Amino acid sequence: MNPLALLRRSASSTWAFLRRDRKALAGSIILLVLFIIAAFPTWFSPDNPSAEIYSPGLGPSSAHLLGTTSLGQDVFSQLMSGTRQSVLIALLVGFFSTVASVVIGVTAAYFGGIVDDLLSLFTDVVLVIPTFPLIIVIAGYLQGTGGASFWALVFVLTITGWSYGARQLRVQALSLRNRDYLLAARARGESAWYVIGVEMLPPMTSLIVANFLSSALYAVLTAAGLLFVGLGNVNSQSWGAMLYWAQNNEALNAGLPLWALTPGIMIALLGTAFALLNYAFDEVSNPALRSTRRRSRKQALA
Amino acid sequence: MKYLLRRVGFLVITLWGALTVNFFIPRLMPGSPALSIIGASRGHVNPAALKALEAAFGGGQQNLFVAYLDYLGNALRGQFGVSLSNSFEPVTTVIMKGLPWTLGLVGVTTILGFLIGTGVGAIAAWRRGGKLDSVLPPMFIVVSAFPYFWIGLLVIWLFSLTLGWFPTISNYSENLIPNWTSWGFIRDVLWHAVLPAFTILISSVGGWILTMRNNMITVVAEDYVKMARAKGLHPRRILWQYAGRNAVLPSLTGFAMSLGFVISGAILVEFVFNYPGVGFMLLTAVQNNDYPLMQALFLLITVAVLVSIFIADVATTILDPRTRGSR
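Residues numbered from 1 in each chain as written. Chains lettered and ligands numbered in written order. Predicted model: local features only at pLDDT ≥ 70, side-chain atom pairs only at ≥ 80, totals over all residues. Heavy atoms only, no water.

A.B. asks: Explanation requested: the interface of chain B and chain A in the structure shown.
C.D. replies: For an interface, size is often stated in terms of accessible area lost upon the parts coming together. Contacts between the two partners involve 54 residues from chain B and, on the opposite side, 49 residues from chain A. Of the roughly 4500 Å² buried at the junction of chain B and chain A (both faces included), carbon and sulfur atoms supply 79%. At the boundary of chain B and chain A, one finds 0 salt bridges. Our count for the contact surface shared by chain B and chain A stands at 1 residue pair in polar contact (both at pLDDT 80 or more). Going through the elements one at a time, α1 (2-28), α6 (131-145), α7 (148-162), α8 (183-220), α10 (235-272), α11 (278-287) and α12 (291-319) of chain B are the ones with two or more residues in the side of chain B that touches chain A. Ranked by the residues each element gives to the side of chain B that touches chain A, the list is headed by α12(B), at 9 residues. (Contact = heavy atoms within 4.5 Å. Buried area = accessible area lost by both parts, 1.4 Å probe. Salt bridge = Lys/Arg side-chain N within 4 Å of Asp/Glu carboxyl O. Polar contact = N/O pair within 3.5 Å; in protein donor to acceptor, adjacent residues only side chain to side chain. Helix = DSSP H or I, 4+ residues; strand = E, 2+ residues; numbered from the N terminus.)

Right, dumping it as structure tokens:
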């Protein structure tokens with residue numbers, strides 16, 4: 001099959017999946033909108049997000065859709081320009097920790113024996129050590145050198161975020177390991193790379209995607225929590241930094257709930273998009289979880 | 001028995017792993033925190049304590065291996081040095097002030113969340129496609145996407161600032177003197193705990209509902225449940241005594257796993273409510289560059305999680321004979 005036809009077929013099957021699954025459709029639409037805002041924040045923000053030039057503490061009006069901060073910034077513009085950092089962190093941490101999960105989980109399952117024992121033990125140890133206190137400690141040390149940079153954050157979230165996925169992927173890879181088609185590939189004398197890459201990974205796609213989505217969700221929430229308590233670069237344009245400044249200026253007590261609460265709603269919007277897609281993929285890999293009503297409707301038609 | 005030994009071995013290895021991570025982090029960090037710690041405490045602590053600090057953070061003349069053994073020995077004996085931001089009191093003394101508050105708040109809400117979540121999840125799966133079952137999962141998807149601390153901000157705004165039903169922050173009213181025999185004081189403490197507890201409950205209960213629901217869906221399809229129905233047993237008896245008992249087993253392991261997440265979330269909830277538990281203390285220690293306190297708190301939280309996981313594992317072994325044979 002030529003690549004173009006393959007692309008067309010996968011595009012059309014993706015579209016069919018989205019049309020069938022409303023959760024997946026809703027998640028994709030939210031994600032798409034947020035991606036566009038992240039790519040072109042200036043299209044959506046009427047004002048310069050860092051300019052402190054407006055009357056402080058204004059309520060919502062046509063000039064300032066969500067009012068202003070007590071520092072005299074436009075809340076809506078800040079929300080729009082904060083999108084990029086959260087989206088980037090989600091995508092980068094999701095990508096890197098999924099790669100780590102796949103490499104470690106699948107290697108353990110494929111080679112078995114002592115390799116499996118050691119890698120599984122390592123995975124389990126990392127899995128049970130509570131990550132957030134650990135991240136706080138690391139960020140605390142970095143604070144002395146001017147705060148955790150963007151890439152330090154991505155790195156720390158990746159090394160703490162891969163273990164759960166590695167464990168799940170190992171279990172699924174183990175169940176594939178002794179299937180006939182894999183044994184056949186080995187008997188043909190194919191290399192380990194070929195067997196893993198071409199025979200083993202494709203059937204695991206939905207779990208790998210689910211993994212990416214839950215790592216992304218974890219990254220968004222953890223990064224926001226860190227910035228909220230002032231660990232990291234609080235002068236960056238991000239939702240976490242907005243929450244930090246709102247908390248520091250007692251925005252709730254000052255009667256500015258829009259400033260204090262809307263960044264959290266944006267975080268949740270991004271998180272919901274990942275979670276919705278995650279559940280959709282969960283239902284693909286585990287049909288027992290699918291909505292019963294849809295099944296009964298199909299039965300009625302038949 | 002073999003399984004149990006395995007779990008003990010795993011507990012020991014994870015504890016050692018956590019201690020080792022704790023030992024190497026300050027040595028790998030830029031800006032040599034060791035020098036600032038030792039600089040800050042020189043003159044305030046005795047030479048023996050200073051040596052312990054050097055073993056824990058580096059910067060002394062010792063070689064790495066000797067320092068590591070010293071550090072492990074000190075940790076096993078519960079000696080974590082002195083807190084730099086609490087007039088050089090021993091770290092353990094400082095921690096003991098915060099620990100009861102966290103145990104009370106997080107402990108009670110975690111158990112409550114597990115019980116409520118498991119119960120609701122079981123009922124949702126039992127009435128598959130019913131109202132509860134169709135409303136809860138989507139609601140949980142949305143709630144789980146909100147940061148814990150944001151839920152805290154929301155309930156402060158709603159129930160404290162707007163409606164004025166509950167106090168905003170802290171663990172008890174400033175003008176009260178702690179007295180656990182007076183009902184007035186206890187009531188004040190409970191009053192202050194309602195909003196933080198509610199926040200943790202709201203954010204953690206969904207996970208347990210969903211886990212239980214999904215386990216239950218599998219179990220309800222089993223033959224012995226059909227058999228129980230065929231025998232004409234009371235539905236409530238089948239739900240709890242037959243299906244529920246078996247479906248809760250994977251949840252129990254999940255309970256241990258999610259404990260780490262709950263404690264992590266509780267750190268931020270304590271921060272939002274200025275609730276003086278160990279989580280709030282950890283963040284204050286970080287802000288004050290109080291590295292010894294920070295390290296000890298990280299270890300304490302880790303040990304708490306690891307021991308809980310161990311207990312849950314042992315409980316699963318006792319309750320579910322099938323796990324004893326397999327790994």
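Here the narrative resumes.
A.B. asks: Looking at this model, I keep getting lost on the nonpolar core. Mind explaining?
C.D. replies: Taken as a class, soluble globular proteins show a tendency for nonpolar side chains to be buried jointly. Formed by 138 residues in total, the largest nonpolar core has its most connected members in A:I136, A:L157, A:F274 and B:L153. With 15 residues, the single largest contributor to this core is helix α13 (residues 257-285) of chain A. For this core, the two domains that each supply at least three residues are domain 1 (16-76) and domain 2 (107-149 + 198-326) of chain B. With 15 residues, the next largest nonpolar core counts A:V102, A:A109, A:L207 and A:I208 among its residues. (Core = buried A, V, L, I, M, F, W, Y, C linked by side-chain atoms within 4.5 Å. Buried < 20%, exposed > 50% of the residue type's maximum accessible area, 1.4 Å probe, protein only. Domains from an automatic or database assignment.)

A.B. asks: Please explain unusual backbone geometry as it appears in this structure.
C.D. replies: The general pattern is negative phi for most residues beyond glycine and trans for most peptide bonds. All names here are of chain B. Residues other than glycine seldom take positive phi values, yet N274 does so here, at roughly 50°. Mapped onto the elements of the fold, N274 is located in the loop between α10 and α11. Judged by its relative accessible area of 35%, N274 falls in the partly exposed class.

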